[in-house]
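Okay, here's what each chain looks like letter by letter:
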Amino acid sequence: MKEIILNLADQTGFATLDWKNYIMILVAFVFLYLAIAKGFEPLLLVPISFGMFLVNMFPSIIEEGGLLHYFYKLDEWSILPSLIFMGVGAMTDFGPLIAYPPSFILGAAAQFGIYGAYFLAIALGFSGKEAAAISIIGGADGPTSIFLAGKLGMGDTLLGPIAVAAYSYMSLVPVIQPPFMKLFTTKKERLVKMPQLRKVTKLEKIIFPIVVTLVVVMILPTTAPLVGMLMLGNLFRESGVVKQLTETASNAMMYIVVIMLGTSVGATTSAENFLQVTTLKIVFLGLVAFILGTTMGVLFGKIMCAVTKGKVNPLIGSAGVSAVPMAARVSQKVAAEYDPTNFLLMNAMGPNVAGVIGTAVAAGTFMAIFNVQ
């Protein structure tokens, strides 16, 4: 009887876990607090934090044969990130981007954060592939970060810290962006009211995803999984003839994928893999990339404001990062602080959706550079 009791005691978490696991469990509780009490991207942070909670109490859950191991394989094989992009496409209106094509410039400008972080990561000692996988965090796009990390073979080493950093910064967009938006703009620029966007025809909305897929994938075939799924979801939405597919992609499928992706990402953050100096470097580089992307978007917005003689509010440039639609809402919120009658949301949605495409193109560019299919 004594032996049975001792065996049971040896199998408890209290006997098998060390102080590092308890630190990660505490971090999981912090993420849960941010998600539930503060409302920071709860759809993402709740499953991520609970996956983190589970793996640090029961590490075998992510090992081969464990439940979350199979969820994680779908991440590693780039299936879940691609399906997320289909859902995003089905939920997104590309009308503001079609109505004002110069928004592409702001979406592209925000990608400078990615390339700046890439060279900084190399300077800090990371390999080219590691630097590429880390730098994509600057797009504030979790699925693209996971997709690229998997494609570049970082699944067993860096995917967990990269994914958690990317989703954390996505959640903290309303906290991180406003100080830099205000720092690099004047009050006069923040008060600029932009004209209402023209109405986009249904034909334009149907042609857009087809043309974007054709042009982008022909130039960079490696972008096909992300850009292709994004535009397929959008074609479901805009064609008007497959409402069942649109509803499935944007609701049931999207939420199922978020559950599997979030919990599996959280489960990659075991104490053994996560509590390292490398993780701190990744978190730092991701923050630098995100801040640089926000700043470059705003600065290009200032250039467009000057060129158009005050017709573009530079605040919409910050929406060039890929966090849809949160970054656009932040542009609106900051503008409304100075003039409650200034409605920038639709104008900011143009750079925001352009940023989604831009981040996918950046990921495809890195894959092409390293000859990864």
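What you are looking at is a predicted structure, and each value in this text was computed from that prediction instead of being measured. (Residues numbered from 1 in each chain as written. Predicted model: local features only at pLDDT ≥ 70, side-chain atom pairs only at ≥ 80, totals over all residues. Heavy atoms only, no water.)

1. As for the overall build of the protein chain
No. 1: A count of helices and strands for the protein chain gives 21 helices and 0 strands.
No. 2: In terms of C-alpha radius of gyration, the protein chain reaches 21 Å, essentially the compact-globule figure of 21 Å for 373 residues.
No. 3: Looking at the protein chain as a whole, 54% of its 373 residues are labelled buried.
No. 4: Sequence separation of at least 24 residues holds for 79% of the intrachain contacts in the protein chain that already meet a minimum separation of 6. (Helix = DSSP H or I, 4+ residues; strand = E, 2+ residues; numbered from the N terminus. Rg over C-alpha atoms; globule rule 2.2 N^0.38 Å. Buried < 20%, exposed > 50% of the residue type's maximum accessible area, 1.4 Å probe, protein only. Contact = heavy atoms within 4.5 Å.)

2. What to know about the pattern of salt bridges
Where charged atoms from two side chains of opposite charge approach closely, those side chains can pair.
No. 1: One pass over the full model with this rule turns up 6 salt bridges.
No. 2: Residue Asp339 pairs with Lys193 through a salt bridge whose shortest N-O separation is 3.6 Å. Residue Asp339 is found in the loop between helix 20 (326-338) and helix 21 (345-369), and its partner Lys193 is found in the loop between helix 14 (187-190) and helix 15 (202-219); the two are separated by 146 residues along the sequence.
No. 3: For Lys193, a relative accessible area of 47% translates into the label partly exposed.
No. 4: One salt bridge connects Arg237 with Glu238, and the closest N-O pair in it is separated by 3.1 Å.
No. 5: Residue classification places Glu238 among the buried residues on the basis of a relative accessible area of 10%. (Salt bridge = Lys/Arg side-chain N within 4 Å of Asp/Glu carboxyl O.)

3. Structural notes on the packing of aromatic side chains
A ring pair, where both rings are aromatic, is described by two values, the distance of the centres and the angle of the planes.
No. 1: One pass over the structure, following the stated rule, counts 8 aromatic pairs.
No. 2: Seen in terms of ring centroids, Tyr118 and Phe366 are 5.1 Å apart; in terms of plane orientation they differ by 40°. Their pairing is tilted. Note that Tyr118 is positioned in helix 9 (residues 112-123) and Phe366 in helix 21, a separation of 248 residues in sequence. The pair formed by Tyr118 and Phe366 is uniform in burial state, with each residue classed as buried. (Phe/Tyr/Trp six-rings, centres within 6.5 Å; stacked < 30°, edge-to-face > 60°.)

4. As for the nonpolar core
No. 1: With 111 residues, the main nonpolar core has Phe94, Ile134, Ile137, Ile162, Leu230 and Met231 as its most contacted residues.
No. 2: No other element matches helix 21, which puts 11 residues into this core.
No. 3: Residues within four places of Met231 in sequence aside, it is in contact with Phe94, Phe208, Pro209, Val212, Thr213 and Ile357. (Core = buried A, V, L, I, M, F, W, Y, C linked by side-chain atoms within 4.5 Å.)

5. Some words on the side chain of His69
No. 1: Mapping His69 onto the fold places it in helix 5 (residues 67-76).
No. 2: In this structure, His69 is in contact with Ile61, Ile62, Glu63 and Glu64, ignoring residues within four places of it in sequence.

6. Side note on a nonpolar patch on the surface
No. 1: A cluster of nonpolar side chains, contributed by Leu203, Ile207, Val211, Leu214, Val215, Met218 and Ile219, occupies part of the molecular surface with about 720 Å² of accessible area.
No. 2: Looking at the element boundaries, Met218 is found in helix 15. (Patch = residues over 30% accessible without salt bridge, like charges linked within 9 Å, V, L, I, M, F, W, Y side chains within 5 Å. Areas by Shrake-Rupley, 256 points an atom, 1.4 Å probe, with all protein chains shown as cover.)

7. Structural notes on the environment of Val215
No. 1: Along the chain, Val215 turns up in helix 15.
No. 2: C-alpha separation for the pair Val215 and Met170, spaced 45 residues apart in sequence, amounts to 28 Å.

8. A few points about the environment of Met170
No. 1: Tracing the chain through its elements places Met170 in helix 12 (residues 159-171).
No. 2: Take Met170: its relative accessible area is 12%, and that puts it in the buried class.
No. 3: Once the C-alpha coordinates of Met170 and Val324 are considered, the two residues, 154 residues apart in sequence, prove to be 9.2 Å apart.
No. 4: Contacts of Met170, omitting those with residues within four sequence positions, involve Glu41, Leu44, Ala140, Asp141, Gly142 and Met326.

9. Observations regarding unusual backbone geometry
No. 1: Residue Val324 is joined to Pro325 through a cis peptide bond whose omega torsion reads -10°.
No. 2: Positionally, Pro325 belongs in the loop between helix 19 (277-307) and helix 20.
No. 3: Phi at Ser78 is positive, roughly 70°, even though this residue is not glycine.
No. 4: Its place among the elements puts Ser78 in the loop between helix 5 and helix 6 (79-91).
No. 5: If you check the backbone angles, Lys309 has positive phi at about 60° while not being a glycine.
No. 6: Considering the arrangement of structural elements, one finds Lys309 in the loop between helix 19 and helix 20.
No. 7: A residue is classified by how much of its surface remains accessible, and Lys309, at 78% relative accessible area, is exposed.

Function-wise, these values are silent; they only describe arrangement.
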